[in-house]
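# Fold and contact review
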Amino acid sequence: MLEVRGLSVSYGPVQALSGISLEVGEGEIVALVGANGAGKSSLIHAVAGLVPAAAGKVVFRGEQVLGLPGHRIFRRGIALCPEGRMVLGGLTVEENLKLAAPKRRSFDDLYGLFPRLGERASSRGAALSGGEAQMLAIARALAQEPRLLLLDEPSLGLAPNAVQAIFALLPQLRDRGLTILLVEQNLVQALRAADRAYLLESGRIARQGPAEALLRDERIVEQYLGLGQEG
Ligand SMILES: Nc1ncnc2c1ncn2[C@@H]1O[C@H](COP(=O)(O)OP(=O)(O)O)[C@@H](O)[C@H]1O
Ligand SMILES: [Mg+2]
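Residues numbered from 1 in each chain as written. Chains lettered and ligands numbered in written order. Predicted model: local features only at pLDDT ≥ 70, side-chain atom pairs only at ≥ 80, totals over all residues.

Inspection of the region around ligand 1 gives Tyr11, Val14, Ala16, Gly34, Asn36, Gly37, Ala38, Gly39, Lys40, Ser41 and Ser42 as its neighbouring residues. Broken down by secondary-structure element, the contributors of at least two residues to the shell around ligand 1 are β2 (14–24) and α1 (40–47). (Near = placed C-beta within 6 Å. Helix = DSSP H or I, 4+ residues; strand = E, 2+ residues; numbered from the N terminus.)

Time to look at the sheet that holds strand β4 (residues 55–60). Read across the open sheet, the four strands follow the order β2-β1-β4-β5; overall the sheet is antiparallel. In this open sheet, the two strands that pair with only one neighbour each are β2 and β5 (63–64). Two elements, strand β1 (residues 2–11) and β2, share seven bridges in a ladder whose sense is antiparallel. Residue Glu3 lies in a different strand from β2, and its bridge partner there is Glu23. Packing of α1 onto the sheet brings it into contact with β1, β2 and β4, and relative to β1 it is tilted by some 115°. (Pairing = 2+ DSSP bridges. Contact = placed C-beta atoms within 7 Å. Axes fitted to C-alpha atoms, helices over the stretch in contact; angles between N-to-C directions.)

Time to look at the sheet that holds strand β3 (residues 29–33). Across the sheet, six strands lie side by side as β6-β7-β8-β3-β9-β10; this open sheet has mixed pairing. For this open sheet the edge positions go to β6 (78–81) and β10 (204–210), each flanked by a neighbour on one side alone. In this sheet, neighbouring strand axes are inclined to one another by 15° on average, regardless of whether the strands run parallel or antiparallel. For β3 and strand β8 (residues 179–184), the ladder comprises five bridges, and the chain directions are parallel. Within β8, the residue paired with Ala31 across the bridge is Leu182.

Bringing the pairing of strand β9 (residues 196–201) into the picture now. Of all six residues that make up β9, five are buried, and the element is covered over most of its length. Both β3 and β9 contribute to a ladder of four bridges, which runs parallel. Within β9, the residue paired with Ala31 across the bridge is Ala197. Taken together, the six bridges between β9 and β10 define a ladder with antiparallel strand orientation. What sits directly across from Arg196, in β10, is Pro210. Linkage of β9 to β10, two consecutive antiparallel strands, is achieved through a turn of two residues, within which Ser202 is found at a positive phi near 45°. (Buried ≥ 20, exposed ≤ 12 C-beta atoms within 10 Å, placed from the backbone.)

This part covers unusual backbone geometry. Even without being a glycine, Glu145 presents a positive backbone phi close to 50°. Within the element layout of this structure, Glu145 appears in the loop between α6 (130–142) and β7 (148–152). Judged by C-beta crowding, with 13 C-beta atoms within 10 Å, Glu145 ranks as partly exposed. Despite not being glycine, Glu153 has its phi angle at roughly 50°, a positive value. Looking at the secondary structure, you find Glu153 in the loop between β7 and α7 (160–175). A tally of 22 C-beta atoms within 10 Å means that Glu153 is categorised as buried.

Another point: the nonpolar core. With 66 residues, the main nonpolar core has Ala31, Leu32, Ala139, Leu150, Leu182 and Ala197 as its most contacted residues. With eight residues, α6 is the single largest residue contributor to this core. Every residue in contact with Ala31, bar those within four places of it in the chain, is listed here: Leu182, Glu184, Ala190, Leu191, Ala193, Ala194, Ala197 and Ala211. (Core = buried A, V, L, I, M, F, W, Y, C linked by C-beta atoms within 7 Å.)

A separate point is helix α3 (residues 93–100). Here α3 has its buried residues at Val93, Asn96 and Leu97. Angular distribution of buried residues about the axis of α3 spans 95°; they occupy a single face of the element. On the buried face of α3, the contacting elements are α4 (108–113), α5 (115–119) and α6. (Arc of directions from axis to C-beta.)

As structure tokens, this is what we get:
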């Protein structure tokens, strides 16, 4: 469904990505894991058309999308749920959703998926817990019914039970027909949730394979546990 070939991204003198290639098949959950600064956000921002690429190809459902403006890539079915959630604190849950999908009459399907958001539909964004805000950020990305969800660090800063709830949601989303590219520093949780994974180090793919195989590789897991990641 998504094919990235030789993608490079630079910010002035800083080369964030050096010729990355990866694939995401329809219906897969693919994890892109790596330390802070490895280039994970740069990759999904380039796919979503939010940062320009210096070189490479991004093919989505058979069409090259690299170079298209973000709103056109979005219309083709790629939605980004950004790092930091970006929930508007002064607006209610429902207003946040309306802003993402102004033509929609009802958000009942999303409230079915996230019952807690339904209960809090008229609460202001600022009053939500971290886990609720993350659910709202995901619901907002889903409001336009994308085919591919780019999910940037959904577990960051959440309490353990909220982290569990977010990761438990991913197979449900996949069962609804969504394909997911999950970006995480939380290596162990991400590998447990994913079918396949890529390990990014300093803008290059260091390892790739079935998530289970990477999870069984003690060197990988220990290295990341050593960096303060928790499992
Ligand atoms: N807007 C920017 N301007 C300059 N450098 C940036 C910018 N965004 C990211 N970088 C740099 O690019 C590298 C990769 O960053 P990023 O893609 O955010 O990594 P990650 O998401 O894995 O933490 C880092 O060295 C970071 O400092
Ligand atoms: Mg990031």
